[in-house]
Amino acid sequence: MITRFAPSTTGEAHPGTLLSALLVWLDARQRAGRAILRLEDLDTTRVKTGWATQLFEACAELGLTWDATELQSAHAAAHEAALDQLEAAGRLYPCACSRAARAGRRRAPDGGWAYENTCRGRPLVGGWRAQSEPMRMQLDDARVELVDDGGLDLSQTPAHDMGDPIVRRRDGVIAYQLAVVVDDAAAGITDVIRGRDIAPSTATQVMIQRALGLPTPRYRHHFLLLETDRSGKLSKLHGALPYSQLRARMSAEEILGHLAYVAGLIDLPRPVSASELVLDWSRVPTADTTYAFAR
Ligand code: GLU
């Protein structure tokens, strides 16, 4: 069993990120597997090195140590080889649609707008390296039947439900959907454990795996820690309580105790060390939840 924790280093580590780290780490440890930390740092417009360092240090303080640490940006050659392969298969096309052209049409399972594959068939003149427009990948129009290890039904016809994904942005950055598939396969990931916010993308990733001839790992999507935003709606934590602020108020063992409690691993919040925790997925809540870490 090989799994990974793959946070984007686009902001401070917050409790939702660290909850995910804890669940990935515990699952690997209990199954005598390997757990890799992959810092997803491709989005050069949003990433700061300081955040990667902070995330790594936060994990270390919590006792979450990794069998290997990788920077996603080190995998550029593999990402480019995947684009070459997709181009050779005739699957890449440049997209001329504006964001506005997509909006208001049909909702996708992730809450965004489905892409109608409007630009399918546009020629890729001069190859993918010469493109100054975003590039999409033509998915097979087939349905993916998929239920994850937590019983979440992820079945979709991604080419229709989501639309062909962007695989390379206008600014040349390799898009998440392609990078995640290439990197998971290169690391030999057998089990992906990650937050439910990404569940609607899984079927798309399976289609990309199939197009590239890569294996599909097992998946499990866990509940999210949410916060109430100003309008009273629940949303993902956006650093309202980043790790550095929490850590200024309590010890790493106390923070871990709160995470373990909210994950159903202990009955009351108390200082704990990672090595004493036992993961039982049947006790982990399935519904997203809010939690006040510092009262
Ligand atoms: N980097 C993504 C995120 O932080 C997660 C990638 C994944 O686990 O597939 O949301």
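Use the structure listed above.
Everything in this summary refers to the structure shown in the same document. This structure is a prediction, so every number in the text was calculated from the model and none was measured.

### Describing the nonpolar core
Part 1 of the reasoning: Ranked by internal contacts, the top residues of the largest apolar core, which has 44 residues, are Leu62, Leu64 and Trp66.
Part 2 of the reasoning: Those elements giving two or more residues to this core turn out to be helix H1 (15–30), strand E2 (34–39), helix H2 (49–61), helix H8 (243–249) and helix H9 (252–262).
Part 3 of the reasoning: Tallying contributions element by element places H1 first for this core, with 9 residues.
Part 4 of the reasoning: Contact partners of Trp66, with chain neighbours within four places excluded, come to Phe5, Ala21, Val24, Trp25, Ala35, Ile36, Leu37 and Cys59.
Part 5 of the reasoning: Formed by 33 residues, the second largest nonpolar core is a distinct cluster that contains Leu178, Val180, Ile189 and Met207.

### Some words on H2
Part 1 of the reasoning: Taking 1.5 Å per residue as the helical rise, H2 with its 13 residues ought to reach 18 Å, and the 19 Å between its terminal C-alpha atoms agrees with that figure.
Part 2 of the reasoning: Along H2, the positions that sit buried rather than exposed are Ala52, Gln54, Leu55, Ala58 and Cys59. Each buried residue of H2 sits inside an arc of 165° when the element is viewed along its axis, so together they form one side.
Part 3 of the reasoning: Among the structural elements, strand E1 (2–5), H1, E2 and H8 are those in contact with the buried residues of H2.
Part 4 of the reasoning: In the stretch just after H2, Gly63 is the one whose phi turns positive, near 85°.

### Here's the deal with the pairing of strand E3 (residues 68–71)
Part 1 of the reasoning: Bridge count between E2 and E3: 4 bridges; the pairing is parallel. From the neighbouring strand, Leu39 faces E3, where its bridge partner is Leu71.
Part 2 of the reasoning: As for the winding sense of the linkage, the β-α-β connection from E2 through H2 to E3 is right-handed.

The rules behind these values
- Residues numbered from 1 in each chain as written.
- Predicted model: local features only at pLDDT ≥ 70, side-chain atom pairs only at ≥ 80, totals over all residues.
- Heavy atoms only, no water.
- Core = buried A, V, L, I, M, F, W, Y, C linked by side-chain atoms within 4.5 Å.
- Buried < 20%, exposed > 50% of the residue type's maximum accessible area, 1.4 Å probe, protein only.
- Helix = DSSP H or I, 4+ residues; strand = E, 2+ residues; numbered from the N terminus.
- Contact = heavy atoms within 4.5 Å.
- Expected span 1.5 Å × (residues − 1).
- Arc of directions from axis to C-beta.
- Pairing = 2+ DSSP bridges.
- Right-handed = clockwise from strand over helix to strand, strands pointing away.

No statement about biological role is implied by the geometric values presented.
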